[in-house]
Amino acid sequence: MRVYDYETKTAQARMRRIMNRGADFSRKDYQRVETILRDVRKNGDKAVEKYSQQFDAPKLTAGQFRVTPQEIKAAGKKVDRAFMRALNRAVRQIESFHQAQQEKSWFSADRPGVVVGQQITPVDSAGIYVPGAKGGETPLVSTVLMGAAPAKQAGVPRIIMVTPPKKDGSVDPHLLVAADKAGVDEVYKVGSAWAVAALAYGTDTIPRVDMIAGPGNKYVTLAKRIVSGLVGIDIIAGPSEILIVADKTAEPRYLAADLLSQAEHDPLAASVLITVDREIARQTAREIKAQLAELSRRKTAEQSLAGYGGIFVVDTIDTAIDIANRYAPEHLELQVADPFAMLGKIRNAGAVFLGRNTPEPIGDYVAGPNHTLPTGGCARFSSALSTTHFLKRTSVVYYDAAALKAEAGDAIKLAETEGLGAHANAIRVRLG
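What this report covers is the structure whose coordinates are included nearby. What you see is a predicted model, and the numbers here were worked out from it, not measured in a lab. (Residues numbered from 1 in each chain as written. Predicted model: local features only at pLDDT ≥ 70, side-chain atom pairs only at ≥ 80, totals over all residues. Heavy atoms only, no water.)

## As for the overall build of the protein chain
- When helices and strands are counted, the protein chain shows 17 helices and 14 strands.
- Looking at the protein chain as a whole, 48% of its 432 residues are labelled buried.
- Across the protein chain, contacts joining residues at least 24 apart in sequence account for 73% of those joining residues at least 6 apart.
- Surface accessibility of the protein chain: about 21000 Å² in total, with carbon and sulfur atoms responsible for 50%.
- Across the protein chain, the mean location of the 56 positive side-chain charges is 4 Å away from that of the 48 negative side-chain charges. (Helix = DSSP H or I, 4+ residues; strand = E, 2+ residues; numbered from the N terminus. Buried < 20%, exposed > 50% of the residue type's maximum accessible area, 1.4 Å probe, protein only. Contact = heavy atoms within 4.5 Å. Areas by Shrake-Rupley, 256 points an atom, 1.4 Å probe, with all protein chains shown as cover. Lys, Arg positive; Asp, Glu negative; His and termini not counted. Charge placed at Lys NZ, Arg CZ, Asp CG, Glu CD.)

## Re the sheet that holds strand E5 (residues 158-162)
- The five strands lie next to each other as E6-E5-E4-E7-E8, forming an open sheet whose pairing is parallel. Unpaired on one side and paired on the other, strand E6 (186-188) and strand E8 (232-233) mark the two borders of the sheet.
- Here strand E4 (residues 125-129) pairs with E5 via five bridges, running parallel. If you follow Ser125 over to E5, its bridge partner there is Arg158.
- The strands touched by helix H6 (residues 141-154) within the sheet are E4 and E5, with E4 carrying the most contacts at an inclination of about 165°. (Pairing = 2+ DSSP bridges. Axes fitted to C-alpha atoms, helices over the stretch in contact; angles between N-to-C directions.)

## Structural notes on the nonpolar core
- Leu87, Leu145, Val156, Met161 and Phe390 are the most contacted members of the largest nonpolar core, which totals 38 residues.
- Elements represented by at least two residues in this core include exactly helix H5 (81-99), E4, H6, E5, helix H7 (173-182) and strand E7 (211-213).
- No other element matches H6, which puts eight residues into this core.
- Ranked by size, the runner-up nonpolar core spans 33 residues in total, among them Phe65, Val209, Val220 and Leu222. (Core = buried A, V, L, I, M, F, W, Y, C linked by side-chain atoms within 4.5 Å.)

## Description of helix H9 (residues 218-227)
- Looking only at H9, the buried set comprises Val220, Thr221, Leu222, Ala223, Lys224 and Val227.
- Turning to H9, the residues buried within the fold contact helix H2 (27-43), E4, helix H8 (192-201), E7 and E8.
- Between the side-chain oxygen at the start of H9 and the backbone nitrogen of Tyr219 there is a gap of 3.0 Å, and the oxygen is on Asn217.
- Among the residues trailing H9, Gly229 stands out with phi positive, at a value near 110°. (Polar contact = N/O pair within 3.5 Å; in protein donor to acceptor, adjacent residues only side chain to side chain.)

## Examining the pairing of strand E10 (residues 270-275)
- Of all the six residues making up E10, six are buried; the element is thus mostly covered by neighbouring parts of the structure.
- Covered by surrounding structure in E10 are Ala270, Val272 and Ile274 together with Ser271, Leu273 and Thr275, the residues of both alternating faces.
- Here strand E9 (residues 241-246) pairs with E10 via six bridges, running parallel. Residue pairing in the sheet places Val245 in a bridge with Ile274 of E10.
- Summarising the sheet, E10 and strand E11 (residues 309-313) pair through five bridges and their orientation is parallel. Along E11, the bridge assignment pairs Leu273 with Ile311.

## Looking at the sheet that holds E10
- In space, the six strands of this open sheet follow the order E1-E11-E10-E9-E12-E13, with parallel pairing throughout. In the strand order of this sheet, the two ends are held by strand E1 (3-5) and strand E13 (351-354), each with one partner. Looking at each pair of strands side by side, their axes are set apart by 20° on average, direction ignored.
- Running over the sheet, helix H11 (residues 278-292) touches E1, E10 and E11 and is turned about 160° from E11.

Functional significance is not addressed by these values, which are geometric in nature.
Structure (structure tokens):
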């Protein structure tokens, strides 16, 4: 991994490339996804069955989409105690964090005869998308928890999960046990764009939902983007990214390991280190080379680092923070002597990890905060998946006769200024 002096043109060109990267959505991708969505909207289960058999499980039929209670019970016997211990900790801590995010309805009667307020209610149903790679061979247990926990803590009465099946039509038992533990009500063995379409439009087997959350490949992402507005969606998540700010107290082994933890995700993932210490930069580059040799996903990590990795040396920590705020990374690590003192300077980041003993992956699994985060600079204006994504805020207004009379004149004046006579009349007719 190359070390750059940030002030050089080469370094700044490299940083622009990293900041401007993203999923490559071609016109062909859009056309392909739109075709799938139209097919599912028109043909329902028949279309979902066709795509499932073509891409995932050749013998899976619509009648087998829904996971049965017997399958969930059997899954419980296939996972070991260590997994259950880890799962129980993760569920407990993730649910506790999201419980603290709950919003409450409120009402104000500060003006005589007037009550205004906001009523908070959950959506009626939510669909949680859990990726599994082609054939459902990557059981992303943590994604089950991160999708279900905020929905459950928001009070959503019906939580539905979709995930790609394996070739034999089954779902990894770890996913099923996690779904059951997290409070998912129904699980369906469908994936990709046709799963999103089924959740958005509904089929005879898969119910339509009000909100769809969870990450996926570019076809899932495109499908969510297209159906947004017909149903709610969480965020448009792109390739993963990490930016680390480090001073001379940082440990190069830790820095290298954390950079590689994101690089192994995807060839488009970005891993960036910004440091004020040139020797830390050099040692980290050497550590990356050494640790790469031990990775099972070495090829993916190498592609990621070659395309969107970089170690940048800057003159001051303030310069590093300025770059971080402009980048607005999904994951920001502050591996510095006093990270809490620096936290107040961070304006744009999906999640911030403080200190040398807080690697980003601890946040992926057990820390508690949600790991579904804004990417591609979207942390400038959006936030992590939370209970608020599953809540609606309904305004409430009440006037008695005296209060209406006291404020009617101003409201009528504004309505008439806008040329909306019927609006003005709806107020005037009540004045007697």
